[in-house]
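A closer look at the structure
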Amino acid sequence: MAEGVLTGLARWPVKSLGGEALEAARLDWRGVGGDRAYALLDLREGREGRWLTIRQAPRMLAWSAAYPEAPDDRLDPADPPPPSLRAPDGREWGWDDPGLGQALAGDLGVAVRRHRDLGGQQDLKASVLVTTEASRLALEQALGRPVGLRRFRTNLHLELDAPAFAEQGWAGGRLQVGEVALDLLNPCIRCVIPTRDPDDLSRWPELLRWLHRRNGALFGVNARVVAPGRVRVGDRATVTEPAVPSPPRASTDWDVAPRGGVGGSSPAPQSNRGAT
């Protein structure tokens, strides 16, 4: 068993855009309320209907999204309101603003369609990404420079009495934080997205090289809510590890396109992906 506290909480209203740090949130079967409820769909030939992500358009990181009308745990996971987007020049856009599509296309260089899915649009269906401070600090010390959590697009960040990268053996265990219980799935395999600085978009390939060489490209662990409720920064967190620790095995049931909902499409092929 590992014990500690929830020290960081975040959601990402629009897939692959910057998100918002929270003090409290409601979680249900979808994950963190409002997390990736919105996305941009690629309209280019050959990619029509697929999610546009940082991998195809790195400038998405220069945009951010938030729910100013429903801050923290005031957001209802079953009905997240339209988000507000902040452009790189600081201009605020409403999700339904008729000029937003042109502004996005002009900055990203890709024509897009806005998409809402109340089931959430995480790469790994209905999931929550959990990271630990011990692992972040170990990575930072190994690389010799600061490693910010926003690179990894984490949802729940925990400070526990567990060693670095212990979470890679938690598959099959259970996390209790605040009112919420989550089943711990598999460690998250990382793609190139964490190599992009979310502030200046510069690349840091050594980060991913180190993870590949030393840690099987893994950072963080995916989880799924089994008992909904509220969480708040400072809540006690307890990890009950599986009776027989499992060897690290990355999740593989990732999607690359919407799974239905308004303007959705059929299920997409599966592949290994990191959090977008």
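Our structure is the block above this text.
Residues numbered from 1 in each chain as written. Predicted model: local features only at pLDDT ≥ 70, side-chain atom pairs only at ≥ 80, totals over all residues. Heavy atoms only, no water.

Points about the packing of aromatic side chains
The tally for this structure, following the rule as stated, stands at four aromatic pairs. For the ring pair tyrosine 38 and tyrosine 67, a centre distance of 6.4 Å and an interplane angle of 55° mean the geometry is tilted. Here tyrosine 38, found in strand β5 (residues 38-42), pairs with tyrosine 67, found in the loop between β6 (64-66) and β7 (84-86); they are 29 residues apart in sequence, far enough to count as distant. Ring centres 5.0 Å apart and planes at 70° place the aromatic pair tyrosine 38 and tryptophan 95 in the edge-to-face group. Of this pair, tyrosine 38 sits in strand β5 while tryptophan 95 sits in the loop between β8 (92-94) and α1 (100-108), placing them 57 residues apart in sequence. For tyrosine 38, a relative accessible area of 2% corresponds to the buried category. Judged by its relative accessible area of 6%, tryptophan 95 falls in the buried class. When the ring centre of tryptophan 51 is taken as origin, the NZ or CZ atom of lysine 15, which lies over that ring, is 4.4 Å away. Against the face of tryptophan 204 rests arginine 145, its NZ or CZ located 3.7 Å from the ring centre. (Phe/Tyr/Trp six-rings, centres within 6.5 Å; stacked < 30°, edge-to-face > 60°. Helix = DSSP H or I, 4+ residues; strand = E, 2+ residues; numbered from the N terminus. Buried < 20%, exposed > 50% of the residue type's maximum accessible area, 1.4 Å probe, protein only. Lys NZ or Arg CZ within 6 Å of the ring centre and 35° of its normal.)

A few points about helix α2 (residues 133-143)
Turning to α2, its buried residues are Ser135, Arg136, Leu139, Glu140 and Leu143. Down the axis of α2, the buried set is contained in an arc of 135°. They therefore lie on one face. Among the structural elements, β10 (128-132), β11 (156-160), α3 (205-215) and β14 (218-227) are those in contact with the buried residues of α2. One or two residues past the end of α2 sits glycine 144, with phi positive at roughly 75°. (Arc of directions from axis to C-beta. Contact = heavy atoms within 4.5 Å.)

A word on the sheet that holds β6
Strand order in the open sheet formed by three strands is β6-β7-β8, with antiparallel pairing between adjacent strands. At either margin of the open sheet sits one strand with a lone partner, and together these are β6 and β8. Adjacent strand axes in the sheet meet at a mean angle of 30°, parallel and antiparallel pairs treated alike. Two strands pair when backbone bridges link them, and β7 and β8 are joined in this way by three bridges, in the antiparallel orientation. Across the sheet, leucine 85 pairs through a bridge with tryptophan 93, a residue of β8. (Pairing = 2+ DSSP bridges. Axes fitted to C-alpha atoms, helices over the stretch in contact; angles between N-to-C directions.)

Considerations on the nonpolar core
Ranked by size, the top nonpolar core spans 27 residues in total, and within it Val14, Leu40, Leu52, Met60, Trp63 and Leu85 carry the most contacts. Going through the elements one at a time, β5 and α1 are the ones with two or more residues in this core. At three residues, α1 tops the list of elements feeding residues into this core. Listed in part, the 25 residues of the second largest apolar core include Leu156, Ala223, Val231 and Ala237. (Core = buried A, V, L, I, M, F, W, Y, C linked by side-chain atoms within 4.5 Å.)

The values are spatial; any link to function lies outside them.
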